[in-house]
Amino acid sequence: MSTVVAPPGEKKRTVNLLATKPLNLLMEEARETGEHSLKRTLGVFQLTALGVGAIIGAGIFVMVGLGAQYAGPGLTLSFVLSGLGCAFAGLCYAEFAAMIPLAGSAYTYAYATLGELLAWIIGWDLTLEYAMGASTVSSGWSNHFIELLNIFHIKMPLWLAYDHWTALKTAENVVARQMAQAADSTLVPGSQTFLDKVSAIVSAQSPELLTRAHGLLGAPHMFGAEIGFNLPAFIIALVITAILVVGIKESARFNTGIVVVKVSVVLFVIALGSRYINSGNWGTDWHSFAPHGFAGIGAGAAYIFFAYIGFDAVSTTAQEAKNPQRDLPIGMIAALAICTVLYIAVAGVLTGMVHWQQINIEAPVARAFLDRGLPVASHIITLGALAGLTSVMLVMLLGQTRVLYSMANDGLLPKKFFAAVHPKFRTPWKNTILVGLLAAVVGSVTPIDDIGRMVNIGTLLAFVIVSISVMVLRYTNPSQPRPFRTPWVPLVPILGVISNGYMMYKLGWVNWARLFIWLGIGLVVYFTYSVKHSRVQALQSKGSGQ
């Protein structure tokens, strides 16, 4: 409890920071219709496609290489472990999504169970997953777009293809690769030995390296400093924003089309790659299958877990689903199941095509096909990665705008802006444009490696809180109708807390520090604005006669 200083002429208001939002109020909001509410147009197929669209990105074509260095052929088990961690959280999400069919995802669920302060924390935290995640993905999309241009021998200036710091780093890496090959022609590009040599050259920062790198960069100067602007990342973020403003039905159609393309590419990889499998690469016993033991499989799971991020965004579309009580659980669980099967198959094909110690770290799947003399297949994989990132960005921006919409309806953010619904398109258009512009600017001028790591810890925190919330609500409101019930409570939620909490721990103290700084900024916003405008606080004050 705390006291908020009221404006002159009004009484001081006592604030209950652990006030929960009544379930009857939540259900009233879920039943709202009309021009100021979101449009219900999504069926189970579109919801499943949104889930698949959020999960399958470039990660499947990139992270498998790093995971294989730890797990070896046991990479398939790493994907099983990561999938289980998501499944535990997914089952908890499914219960809430069916019971409380509102936009807002983990924020709304925490508000109903753990109180307003924790709800605000998780809502603020979700910005790391969605808005910053979209910025990260826009930069990754740009990288693959540039690869696609290279196939057609079209070159973009480095200073227009990346932010300045990334552009300079890219130029240094290009020059370092040239210097490494000139020094030792026996080195195989993409191998660990080659990458170690390149890293050593970059770390030395020799005058030759710097001079050649700045020459390759060729950036214009402004106020005496080189500039860089990731133009493809900026443009794609604005295009996705425009699609989201036009309408959820149109956005879902666009996403479904993209999902068909990228799933087709994944199936192509599995079908063609299976013809080149050498079963001996999988090993003949446990030691050769898992060269670093179960610890290696666990480490591989921690790295590749992030290929699963995004399925929870499906729950943010609850107010736009035709039959949320039935379709949301099916959509989330089906998307997770489909992606897990595809991931395991790709991991099995890759480790069967190439011995795990020879898997290329930078572009593992594409390089495996290039080494078999299949350049067209490699180009198709690049196209699949580009399509994958496009739909991931769409679902992340969609998720962010719906969380902000829910927070604004609760009074925690300015409602006239963040909850404004377009009279024709029936989308939260103002906050969509703001979020899209933010993602476009951040993705185009900022080196986003570190932001990407913040996305991971923000996502895992959401998973942990939702798992706890299911147990709390089963205790505090056991009679509430639950169209879908998480099985084996409290075992499944506890396993969700343990598995996802463990992966948070593995991210290291630097990412924890960034998380606490971000949440600290959020608390300043909460105590200076949100707590004074909260609908729930106003209801409690009215009910207590204050």
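Quick caveat: nothing in here was measured; it's all calculated off a predicted structure.

Draft legend 1. Spotlight on the overall build of the protein chain. Assigned secondary structure in the protein chain consists of 24 helices and four strands. Relative to the globule expectation of 24 Å for 546 residues, the C-alpha radius of gyration of the protein chain, 24 Å, shows essentially globular dimensions. Counting only C-alpha atoms, the protein chain reaches 80 × 60 × 45 Å along its principal axes. Counting only residues that meet the buried cut, the protein chain has 56% of its 546 residues in that class. A fraction of 81% describes how many contacts in the protein chain between residues 6 or more apart in sequence connect residues 24 or more apart. Averaging the coordinates of the 35 positive side-chain charges in the protein chain and doing the same for the 26 negative ones gives two points 9 Å apart.

Draft legend 2. Structural context of a nonpolar patch on the surface. Taken together, the side chains of Leu-77, Val-80, Leu-84, Trp-286 and Phe-294 present a nonpolar region at the surface, about 470 Å² in accessible area. With respect to the secondary-structure elements, Leu-77 resides in helix H4 (residues 75-99). Judged by relative accessible area, which is 33%, Leu-77 ranks as partly exposed.

Draft legend 3. Layout of the nonpolar core. Ranked by size, the top nonpolar core spans 144 residues in total, and within it Ile-56, Phe-61, Phe-79, Tyr-93, Tyr-107 and Phe-369 carry the most contacts. The element that contributes the greatest number of residues to this core is helix H18 (residues 375-409), accounting for 17 residues. Dropping the residues within four chain positions of it, Phe-79 is found in contact with Ile-60, Val-64, Ile-304, Tyr-308, Thr-340, Tyr-343, Ile-344 and Ala-347. Counting eleven residues, the second largest nonpolar core, distinct from the first, contains Val-175, Leu-187, Leu-195 and Ile-201.

Draft legend 4. Inspection of helix H2 (residues 44-55) at higher detail. With twelve residues, H2 ought to run about 16 Å at 1.5 Å a step, and its terminal C-alpha atoms sit 17 Å apart, in line with that. The element H2 is extensively covered by neighbouring structure, given that nine of its twelve residues are classed as buried. Looking only at H2, the buried set comprises Leu-47, Thr-48, Ala-49, Leu-50, Gly-51, Val-52, Gly-53, Ala-54 and Ile-55. For H2, the elements touching its buried residues are helix H13 (248-273), helix H16 (324-353) and H18.

Draft legend 5. Focus on the pattern of salt bridges. Across all of its chains, the model carries six salt bridges by this definition. Of the charged contacts, one joins Glu-95 and Arg-474 as a salt bridge, the two residues approaching to 2.7 Å between their closest N and O atoms. Here Glu-95, found in helix H4, pairs with Arg-474, found in helix H21 (residues 449-476); they are 379 residues apart in sequence, far enough to count as distant.

Draft legend 6. Up close: the environment of Gln-319. If you trace the backbone, Gln-319 turns up in the loop between helix H15 (293-304) and H16. Here Gln-319 falls in the buried class, since its relative accessible area comes to 10%. As a C-alpha pair, Gln-319 and Leu-42 span 277 residues in sequence and 9.4 Å in three-dimensional space.

Draft legend 7. Region of interest: a positive patch on the surface. A cluster of basic residues, Lys-39, Lys-249, Arg-253 and Lys-322, forms a positive patch at the surface. Relative to the helices and strands, Lys-39 resides in the loop between helix H1 (23-30) and H2.

Draft legend 8. Structural view of the packing of aromatic side chains. Evaluation of the coordinates by the stated rule reveals 17 aromatic pairs. Consider the rings of Trp-120 and Tyr-526, whose centres lie 5.9 Å apart with planes at 40 degrees: the pair is tilted. One end of the pair, Trp-120, is in helix H6 (residues 116-129); the other, Tyr-526, is in helix H23 (residues 509-533), with 406 residues separating them in the sequence. The same class applies to Trp-120 and to Tyr-526, which are both buried. Members of the aromatic cluster, joined through ring pairs, are Trp-120, Trp-124, Trp-518, Tyr-526 and Phe-527.

Draft legend 9. Seen up close, the environment of Ala-363. Looking at the element boundaries, Ala-363 is found in the loop between H16 and helix H17 (364-370). Between the alpha carbons of Ala-363 and Met-63 there is a distance of 8.9 Å; along the sequence they are 300 residues apart.

Draft legend 10. Local environment of the packing of H2 against H13. One way to put it is that H2 packs onto H13 with a least axis distance of 9 Å and a crossing angle of 60 degrees. Viewed along their axes, H2 and H13 adopt a mutual orientation that is oblique. The crossing of H2 and H13 is left-handed. Side by side, H2 and H13 meet where Phe-45, Gln-46, Ala-49, Leu-50, Val-52 and Gly-53 of the first sit next to Ala-252, Asn-255, Thr-256, Val-259, Lys-262 and Val-263 of the second.

Draft legend 11. Representation of unusual backbone geometry. The peptide bond linking Val-489 to Pro-490 adopts the cis configuration, its omega dihedral lying at 10 degrees. Examined against the element boundaries, Pro-490 turns out to sit in the loop between H21 and helix H22 (491-505). Despite not being glycine, His-153 shows a phi value in the positive range, around 60 degrees. As for its position among the elements, His-153 is in the loop between helix H7 (131-151) and helix H8 (158-161).

Draft legend 12. Broad picture of the confidence of the model for the protein chain. Chain-level pLDDT for the protein chain is 85 on average; 93% of the residues reach the 70-or-more range. Put simply, strand S1 (residues 2-4) is where the protein chain has its lowest mean pLDDT, 51, and helix H19 (residues 415-418) is where it has its highest, 94.

Definitions and cut-offs
Residues numbered from 1 in each chain as written. Predicted model: local features only at pLDDT ≥ 70, side-chain atom pairs only at ≥ 80, totals over all residues. Heavy atoms only, no water. Helix = DSSP H or I, 4+ residues; strand = E, 2+ residues; numbered from the N terminus. Rg over C-alpha atoms; globule rule 2.2 N^0.38 Å. Buried < 20%, exposed > 50% of the residue type's maximum accessible area, 1.4 Å probe, protein only. Contact = heavy atoms within 4.5 Å. Lys, Arg positive; Asp, Glu negative; His and termini not counted. Charge placed at Lys NZ, Arg CZ, Asp CG, Glu CD. Patch = residues over 30% accessible without salt bridge, like charges linked within 9 Å, V, L, I, M, F, W, Y side chains within 5 Å. Areas by Shrake-Rupley, 256 points an atom, 1.4 Å probe, with all protein chains shown as cover. Salt bridge = Lys/Arg side-chain N within 4 Å of Asp/Glu carboxyl O. Core = buried A, V, L, I, M, F, W, Y, C linked by side-chain atoms within 4.5 Å. Expected span 1.5 Å × (residues − 1). Phe/Tyr/Trp six-rings, centres within 6.5 Å; stacked < 30°, edge-to-face > 60°. Axes fitted to C-alpha atoms, helices over the stretch in contact; angles between N-to-C directions. Parallel < 35°, antiparallel > 145°, perpendicular 65-115°, else oblique. Left-handed = near helix turned anticlockwise from the far one by under 90°. pLDDT = per-residue confidence, 0-100.

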